[in-house]
Amino acid sequence: MTVMETIISEQLDTDEILHCALAASEQKDHEQAIRLFKQYLMQSPDGKGYLLLAAEHAEIGLYQRAIAEMKQAITLDSSLWIAHFQLSLLYLIEQDIAQASTIWQQLMLSDAPQYFHYFAEGLLLIHQDQLAEGIGKLKQGIELNNENLPLNNDINNIIQEVESGKPAAVQLEQDALTTDNEQNNDTNPSLNYLLLSRYNQDD
């Protein structure tokens, strides 16, 4: 960051920094978005900020950093259910099926909105090779989810991948972030390419 950028950014309040970071993210300017999310967190360390920073790191393939930041988001706000769910997807990308399954089981017993219960149960069933049952649960979750429509798009992409038996090229809305995993997953090839929706809370 140049001296001028530093001076300008220091004059911004937390809301301005957050909106600038989101704008940079939408433009796929990951370097600027990460800098601004970090600055936002220095001024206002909250779960939402760590969630958004984690999503940026996930999109550029820094999954371990994303996992650590998603955990921090949950520590600061345990009711940030999208962070729990995205953490499970990050573990799945890293082929840590045990950790992903643990989170799905916890979500199913949690106070999270009902659609998260269906999404978690659906992914757990798919991993257990109960594909039809798992897809049915995912579709039930989509029907219930009127809060985070980009997440529905991601779940629909997962359904298409499972039904086709191979990774599919996906086109996301501007409100979603992709995390393409180049590694092979011998345990469940249909879940090679998973997506993280960015949960943009404007309240």
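Residues numbered from 1 in each chain as written. Predicted model: local features only at pLDDT ≥ 70, side-chain atom pairs only at ≥ 80, totals over all residues. Heavy atoms only, no water.

1. Looking at the packing of helix H8 (residues 114-127) against helix H10 (residues 149-164)
The N-to-C vectors of H8 and H10 enclose an angle of 20°; their axes lie 12 Å apart at closest approach. Comparing the axis directions of H8 and H10 gives the class roughly parallel. In terms of crossing hand, the pair formed by H8 and H10 is left-handed. Along the contact surface, H8 presents Tyr115, Phe116, Phe119, Leu123 and Ile126, while H10 presents Leu151, Asn152, Ile155, Ile158 and Val162. Taken together, the residues that form the contact of H8 with H10 break down as nine nonpolar, one polar and no charged. (Axes fitted to C-alpha atoms, helices over the stretch in contact; angles between N-to-C directions. Helix = DSSP H or I, 4+ residues; strand = E, 2+ residues; numbered from the N terminus. Parallel < 35°, antiparallel > 145°, perpendicular 65-115°, else oblique. Left-handed = near helix turned anticlockwise from the far one by under 90°. Contact = heavy atoms within 4.5 Å. Nonpolar A, V, L, I, M, F, W, Y, C, P; charged D, E, K, R; others polar.)

2. Comments concerning helix H9 (residues 131-144)
The first and last C-alpha atoms of H9 sit 20 Å apart over 14 residues, in line with the 20 Å expected at 1.5 Å per residue. Within H9 the residues assigned to the buried category are Gly134, Ile135, Leu138, Gly141 and Ile142. Mapping the buried residues of H9 onto a view down its axis gives an arc of 115°, with all of them on the same face. Summarising the geometry of H9, the exposed residues directed more than 90 degrees from the buried face are Ala132 and Glu143. (Expected span 1.5 Å × (residues − 1). Buried < 20%, exposed > 50% of the residue type's maximum accessible area, 1.4 Å probe, protein only. Arc of directions from axis to C-beta.)

3. Focus: the packing of aromatic side chains
Each aromatic ring pair is characterised by the separation of its centres together with the angle its planes make. Applying the stated rule across the entire model yields four aromatic pairs. Ring centres of Phe85 and Phe116 lie 5.9 Å apart, and the angle between their planes is 55°; this geometry places the pair in the tilted category. Of the two residues, Phe85 sits in helix H6 (residues 81-93) while Phe116 sits in helix H8, which places them 31 residues apart along the sequence. Considered together, Phe85 and Phe116 belong to a single accessibility category, that of buried residues. Relative to Phe116, the ring of Tyr115 lies with its centre 4.5 Å away and its plane at 35°, an arrangement referred to as tilted. The exposure class of Tyr115 is buried, given its relative accessible area of 4%. Residue classification places Phe116 among the buried positions, given a relative accessible area of 3%. Members of the aromatic cluster, joined through ring pairs, are Phe85, Tyr115, Phe116 and Phe119. (Phe/Tyr/Trp six-rings, centres within 6.5 Å; stacked < 30°, edge-to-face > 60°.)

4. So, the confidence of the model for the protein chain
Of the residues in the protein chain, 76% have a pLDDT of 70 or more, and the chain-wide mean is 81. Predicted confidence in the protein chain is weakest over strand E1 (residues 176-179), with a mean pLDDT of 34, and strongest over helix H5 (residues 63-76), with 97. Predicted confidence for residues 167-203 stays below pLDDT 50, and this span has 100 contacts to residues more than four positions away or in other chains. (pLDDT = per-residue confidence, 0-100.)

5. Describing the side chain of Glu59
The topology assignment puts Glu59 in helix H4 (residues 47-59). Accessibility expressed as a relative area gives 18% for Glu59, which makes it buried.

6. Considerations on the packing of H6 against helix H7 (residues 97-108)
In the contact formed by H6 and H7, the axes pass within 7 Å of each other and the chain directions differ by 155°. As judged from the angle between their axes, H6 and H7 are roughly antiparallel. Between H6 and H7 the crossing geometry is left-handed. Within the contact between the two elements, H6 uses Trp81, His84, Phe85, Leu87, Ser88, Tyr91 and Leu92 and H7 uses Ile97, Gln99, Ala100, Ile103, Trp104 and Leu107.

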